[in-house]
Structure formats: structure tokens, C-alpha cells
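Structural overview
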Amino acid sequence: MKKSVLLSALLLAALFSFDIHSQDVENAGQQVQEKENASSKNLRVVRFNIDGLKRTRRSYMDNLLAEFLDKSADEKTLKAVETKLQAENLFDQIKVSYSQISEEEAAVDISFKEKWSLIPLPFGYYTGDSFGAGLFVMDMNALGQHCMATVGGLYSSSGVMGAGFFQKPPAKKGGLGFSVAGNVSKSLHQFANSKNYKVFEYDNFYAGVKGALLFKPTNSTHASVGVGYSFFNPIDSPQVQRRNQWSAEASWGIASSSWNGFFLSVNSFSVGTELLFSDVSSQRFAPTFNFSAQVQRAVIPRLRLMSGCKGFFSNNLLETNYVGRSLSGVTLLPTKFVTDQIFGFYTGFEAALLKTKFGLLSLYGLFELAAAKDWDGSLYVCVGPEGGARFYFSKLAFPAFAMGVAYNINEDAVQFSLSGGASF
């Protein structure tokens, strides 16, 4: 008994001594860190030492990081630099530190590996009553300036389509960029109401082109103005008219992001408008308005809260210009449902399940609400849950693949979704 008491006392003493020693080590480490932070606050960033550039031009990196010049070389600045690089989605294995080069000056040392940004995207599908196959080639770092270039085509049971897109974004505050896009198609389009009943279809030849000027007023805001033209010629579709259409559009948005080692969480808000002019006598002018907002916030490193809403509203819009459920940001509605007024809201969580050298696998669960103007003019509202998985690539400059399933409680219907993300 005495031996047990003695052993217990010795064990408690050892644990107490170890706890004090651990506390001393922790305090010493904290003091060293505080000294380093105090020292770095007295240093200002005057240059960047970058290791790992292959395709990306140094001039692009200098413009991208210019906002951090003359800032303190402290932990806050280094974290902001890392977040900025993560948001570019061009780099992997990012490491950021600083080195003192004089009594008042420091250099930010950056190393990374560039992701594969030239990506061929072959695809195909078969659903029992339809099929399709195609190939798109995407370069997310064209010209070494983070320009986006995409070209490709699709052949399906409903028609053929070819498209191309190029965008040069503004790299710094006050900078300008531009985008151009065009597509040609000959296809059959089928539209459904909220109950997934076919209410309208047409076969047509379509050709369109759009151009926009991009502007970055501040480091966290973006704006654009653009114009477009399209030619629409129905084929054996007496319910629609041949038309020429011109458009003028403008948009503005603000966004901020943070990186925590698992997720790049983004908070954003944007609004846009497009004015459509047609030579169809009954519908010569139609204004449209769209908006989107999202809040992403890490609860713990592997779990984040996601909430957002999107909407599209128009008046006097041609039926051939109606929009689908993607303009609501939710997947409760049928894939062929189109409308001229729609709103969606979602909230839920996403959890990082597995992180490997190839990327991050996550699971998500959401509650969704959708409201839209149905084909009979009535307001349709539905709610339901959605769940699925996403995979974020670490080696490819291609943000994510997502697969999910949503349950529309109002209709007792299940909707599947499969998507690949790209930053256009």
C-alpha cells in the first residue's frame, strides 16, 4: 500500500514537473514568436523572391503582388500573400516567408509548383433517350498571364455545337482586361415547367458573339461592361420567329477570400444587368437583372459553413432567352425548367474528408429553397435538402468536380447534378 502511494506521488510529481516544463517551453516559444513578430512589423516589404515559375510570367506576378509592397513583413501580410496565391488556383505546395535585407527592409520569399493549366476535357454521356460526346481544350494560364482560353465542340442526339472563349483578367488595382466569346450551334431545345412537363420546344440554328471590358477598381472589387450580337433562325419551328438580337451589359462585384490549409473560403456579392434589343416586333426591348451573394466561413479547419443566394429577373423576355435553374444556384428544379424570374437560397456545411497529393475530397449537405415564375404565370416555391461530394484538384488548375443529389419535398422528386468547375 505504501509502495502504491509512493509510486502515485512520484507519478503526480513527474506529471506536474512535465506540465511545468511544457508550459515553460510553450512560454519560451511564444516569447520567441512574439519577438519575431515585433521584429517583422518594423520591416517593410520591398521585393519578392519567387521560386517555381515556369509558364507564368514574372511581370504578371509582380502586378499580382504589388499591393503588398511597403507593408509590414509580419504574419498577417504573409498569410494574405498565401491566400492571394491560393485564389489564383495556379500554384501548389505554396510556401511564404520573409528574409531581412536591411534594418528596415525585407523580402518576401515565395516558393511553389505550378499546376497543370493546359487541360483537355473529353466527355460523353448516355441517358437512355439521349447521348452526346465532345472535347474541349482549356488553358487556364494562357500567355503566362492567367488568361483563360477554351475551344471545343459537342455532338449529341439533339444537335451539334462549337464554342470558343478567351479572357484576360486585370491583374492589379486599376488594371484593365477583356473577354471575348462565341458559339455556333444547330440543336433541338426542350423546355419544361416546374412539374417537369414539356411545354415548349424548338429546333434552330444559332450564332452569337460577345465582348466585354473588365476593370478592377480596387483589390477586392471588379466591374465589366460589354456588348453582344446573336442570330437565331428556327428550323421547322412555327411557334418562334427568326430574329437578330443585340445586347449591352454591365456588372459589379466585391469579394474577399481566406485560406486555412483545407478550403479557400470566399465571401462575395455581385450585381449585373443586361439590356436586350430584338428585331421581333412584339418584343423589341427586354431588361434583365441578376445578383448573387455567398458567405463561406471555416468553423474548424476541416469544416466550413456555406450560405448563398442567386436570382434573375426580367420583363418582356423572349422565350428563347429564358434561363434555367443554374441562375438560382440550387438544383431542386428540373434540368429542363426555364423561366424569366427565379430565386434560390442555400445554407449548410462542407467537410474535408480526405486530403491527398492529388487533391481534397469533401462531403457537403445543404438546405435549399427555390422560387420561380412558372409557365402559367404563377409563383412556384419548393424546398428540400441536397448532399454530395466534391473533389478539388491540387495538381490541375481546374477547381473542382461535384456530384450531388437534391430532393424536392413539394414534388416528391429527386434531382441529380454533376458539374466541373472553372473560373470564367
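Everything discussed here concerns the structure shown above.
Below: a short report on this structure. (Residues numbered from 1 in each chain as written. Predicted model: local features only at pLDDT ≥ 70, side-chain atom pairs only at ≥ 80, totals over all residues. Heavy atoms only, no water.)

A few points about the pattern of salt bridges
The cut-off we apply is this: Note on definitions: salt bridges are taken to be side-chain nitrogens of Lys or Arg within 4 Å of carboxyl oxygens of Asp or Glu. Runs of H or I in DSSP of at least four residues are treated as helices and runs of E of at least two as strands, each being numbered from the N terminus. Buried, partly exposed and exposed residues are distinguished by accessible area as a fraction of the type maximum, computed with a 1.4 Å probe on protein chains only: under 20%, between the cut-offs, and over 50%, respectively.
Using the criterion set out here, one finds 13 salt bridges in the structure. Here R44 and D70 are joined by a salt bridge, their closest N and O atoms 2.9 Å apart. One end of the pair, R44, is in strand β1 (residues 44–51); the other, D70, is in the loop between α2 (58–65) and α3 (75–88), with 26 residues separating them in the sequence. Classification of R44 as partly exposed rests on a relative accessible area of 33%. Across the pair R44 and E105 runs a salt bridge whose closest N-O atoms are separated by 3.4 Å. Here R44 is found in strand β1, whereas its partner E105 is found in strand β3 (residues 105–114), with 61 residues between them in sequence. Classification of E105 as partly exposed rests on a relative accessible area of 26%. A cluster of three or more residues bridged by salt bridges with shared partners is formed by R44, D70 and E105.

What to know about the nonpolar core
Test applied: By convention a nonpolar core is built from buried Ala, Val, Leu, Ile, Met, Phe, Trp, Tyr and Cys residues, the set being connected through side-chain atoms within 4.5 Å. By definition in these notes, contact holds between two residues if any of their heavy atoms fall within 4.5 Å.
With 28 residues, the main nonpolar core has F48, M61, L65, L85 and I110 as its most contacted residues. Contributing elements (two or more residues each) for this core: β1, α2, α3, β2 (91–100), β3 and β5 (131–142). When near neighbours in sequence (up to four residues on either side) are disregarded, M61 contacts I50, L53, T56, L85, F91 and F112. Core analysis: the second largest hydrophobic core is formed by 19 residues, A286, I342, Y346 and A372 among them.

Structural notes on the packing of aromatic side chains
Inclusion rule: Aromatic pairing here means that ring centres of Phe, Tyr or Trp (its six-membered ring) are within 6.5 Å. Orientation follows from the plane angle: under 30 degrees is stacked, over 60 is edge-to-face, and everything else is tilted. By definition, being over a ring means that NZ of Lys or CZ of Arg is both within 6 Å of the ring centre and within 35 degrees of the ring normal.
Scanning the model with the defined rule gives 18 aromatic pairs in all. Measuring from ring centre to ring centre gives 5.9 Å for F200 and W375, while their planes differ by 40°; the resulting arrangement is tilted. Taken together, the residues F200 in strand β9 (residues 198–215) and W375 in the loop between β16 (359–373) and β17 (379–393) connect sequence positions 175 residues apart. Pairwise contacts between aromatic rings join F191, F200, Y202, F232, Y322 and W375 into one cluster. When the ring centre of F262 is taken as origin, the NZ or CZ atom of K355, which lies over that ring, is 5.2 Å away. Between the NZ or CZ atom of R390 and the centre of the ring of Y364, over which it lies, the distance is 4.3 Å.

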